[in-house]
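Close look at the chain arrangement
Here is how the chains run, residue by residue.
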Amino acid sequence: MDMNKNSATAAATTDEKKLRRTRDDRILAGVCSGAARFLGIDANIIRVALAVFTIFGGAGIALYAIGWVLIPEEGAEKAIAEDMIKKASDSPAFQDAVKKTRDAFNKPRANA
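In this text, all values refer to a predicted model and were calculated from it rather than measured experimentally. (Residues numbered from 1 in each chain as written. Predicted model: local features only at pLDDT ≥ 70, side-chain atom pairs only at ≥ 80, totals over all residues. Heavy atoms only, no water.)

**Some remarks on the overall build of the chain**
Check the secondary structure of the chain and you find six helices and zero strands. Starting at the N terminus and walking to the C terminus, you meet the elements of the chain as α-α-α-α-α-α. For the chain, buried positions account for 19% of its 112 residues. The contacts in the chain between residues at least 6 apart in sequence include a share of 36% that link residues at least 24 apart. (Helix = DSSP H or I, 4+ residues; strand = E, 2+ residues; numbered from the N terminus. Buried < 20%, exposed > 50% of the residue type's maximum accessible area, 1.4 Å probe, protein only. Contact = heavy atoms within 4.5 Å.)

**Points about the confidence of the model for the chain**
Put simply, the chain has an average pLDDT of 81, and 84% of its residues get 70 or more. Summarising per-element confidence for the chain, the mean pLDDT is lowest in helix α1 (residues 2-14) (46) and highest in helix α3 (residues 43-55) (93). (pLDDT = per-residue confidence, 0-100.)

**Observations regarding the nonpolar core**
In this structure, Ala29, Val31, Cys32, Ala35, Ala36, Ala43, Ile46, Leu50, Tyr64 and Ile71 together form the largest nonpolar core, which totals 10 residues. Looking at this core, the elements that each hand over two or more residues are α2 (31-39) and α3. Looking at this core, the element that brings in the most residues is α2, giving four residues. (Core = buried A, V, L, I, M, F, W, Y, C linked by side-chain atoms within 4.5 Å.)

**Notes on unusual backbone geometry**
Phi is positive for Asp25, close to 65°, though the residue is something other than glycine. Look at Asp25 and you get exposed, because its relative accessible area is 52%.

**Observations regarding α3**
Between its first and last C-alpha, α3 extends 19 Å over 13 residues, near the 18 Å set by a 1.5 Å rise per residue. Taken as a whole, α3 has its buried residues at Ala43, Ile46, Arg47 and Leu50. Viewed end-on, α3 has its buried residues packed into an arc of 100°, placing them on one side of the element. The exposed set on the far side of α3, more than 90 degrees from its buried face, consists of Ile45, Val48 and Ile55. Where the residues of α3 are buried, they touch α2 and α4 (59-70). (Expected span 1.5 Å × (residues − 1). Arc of directions from axis to C-beta.)

**Some remarks on the environment of Phe53**
Counting through the fold element by element, Phe53 comes out in helix α3. By relative accessible area, Phe53 is classed as partly exposed at 42%.

**What about the pattern of salt bridges?**
Counted by the stated rule, this structure contains seven salt bridges. Across the pair Glu73 and Arg23 runs a salt bridge, and its minimum N-O distance is 3.5 Å. Of the two residues, Glu73 sits in the loop between α4 and α5 (80-89) while Arg23 sits in the loop between α1 and α2, which places them 50 residues apart along the sequence. The salt bridge involving Asp90 is made with Lys86; its shortest N-O contact spans 3.5 Å. (Salt bridge = Lys/Arg side-chain N within 4 Å of Asp/Glu carboxyl O.)

Structure representation (structure tokens):
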């Protein structure tokens, strides 16, 4: 009996829902359909909500862009933002900017 419980737990962990941008049922980048699949609702509900947020303040466009960059696509291990950060961290210009920033914060300040 204990063995069945362990196999059921293992099956549940492999079937975890993950937030991913979908490749099917997408209109632009799959953010709405991926979020809808994750939440278990219709994608059109999320699309209408984003349209309302866009009309009243423009937040819908920003939310969609953030989702596009931060949510990985189905089949991908990393999101676009993770790839951009990895590429930037390997750049000598980025490393130089980080060093200059650290030096500026670590510089002793004169009390005025």
